[in-house]
Amino acid sequence: MNPSISKLIREAKKASTLSQAIYSNFPVGVALLSNGGEIILGCNVESSSYGLSICAERVALAKAISEGILDFSYIVIYAEKADYCPPCGACRQLLYDYCPNITVILTDGEKYNSYKLTDLLPHAFEESKLKK
């Protein structure tokens, strides 16, 4: 396993311990790696009004963007209760909007699979579709 991938997996696992998965009991942690080497962590935050819950991927991306970090190379998604937990459709779209060329690593902490985001979201809606 690539040493930098192992570090990102450890960080994503650490982020999952901060998860507020009080309704689903499905904690997810994310480590988002910027092109500058910063690691931004995110965890899922649930609400009693389920639709207001936010996924770990969007938490990490929003944290990064709010700090002016806009270029990313990897996102590691860790879920102990799943072998591989891919991002939901909303997360795939938001990631595509900000980092369409990112590599997505899905892990349970022991093993992992690696994908290009464009493989997880083929034919994505993008800015060019807004222009007629």
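Residues numbered from 1 in each chain as written. Predicted model: local features only at pLDDT ≥ 70, side-chain atom pairs only at ≥ 80, totals over all residues. Heavy atoms only, no water.

Draft legend 1. Representation of helix α3 (residues 89-98). Residues of α3 that are buried: C91, R92, L95 and Y96. Along the axis of α3, the buried residues cluster in a sector spanning 135 degrees; they form a single face. (Buried < 20%, exposed > 50% of the residue type's maximum accessible area, 1.4 Å probe, protein only. Helix = DSSP H or I, 4+ residues; strand = E, 2+ residues; numbered from the N terminus. Arc of directions from axis to C-beta.)

Draft legend 2. Representation of helix α2 (residues 56-66) within the structure. Residues of α2 that are buried: A56, E57, V59, A60, L61 and A64. Tucked into the core, α2 has its buried residues touching β1 (29-34), β2 (39-43), β3 (72-78) and α3. Of the residues flanking the end of α2, it is G68, one or two places downstream, whose phi is positive at about 85 degrees. (Contact = heavy atoms within 4.5 Å.)

Draft legend 3. Just the sheet that holds β3, in detail. Pairing in this open sheet of five strands is mixed, and the strands run β2-β1-β3-β4-β5 from one edge to the other. A strand with exactly one partner marks an edge of an open sheet, and here the two such strands are β2 and β5 (112-116). Strand-to-strand twist across the sheet, computed as the mean angle between neighbouring axes with direction ignored, equals 20 degrees. One ladder, built from six bridges, connects β1 with β3; its direction is antiparallel. Of the residues in β3, the one forming a bridge with V30 is I77. (Pairing = 2+ DSSP bridges. Axes fitted to C-alpha atoms, helices over the stretch in contact; angles between N-to-C directions.)

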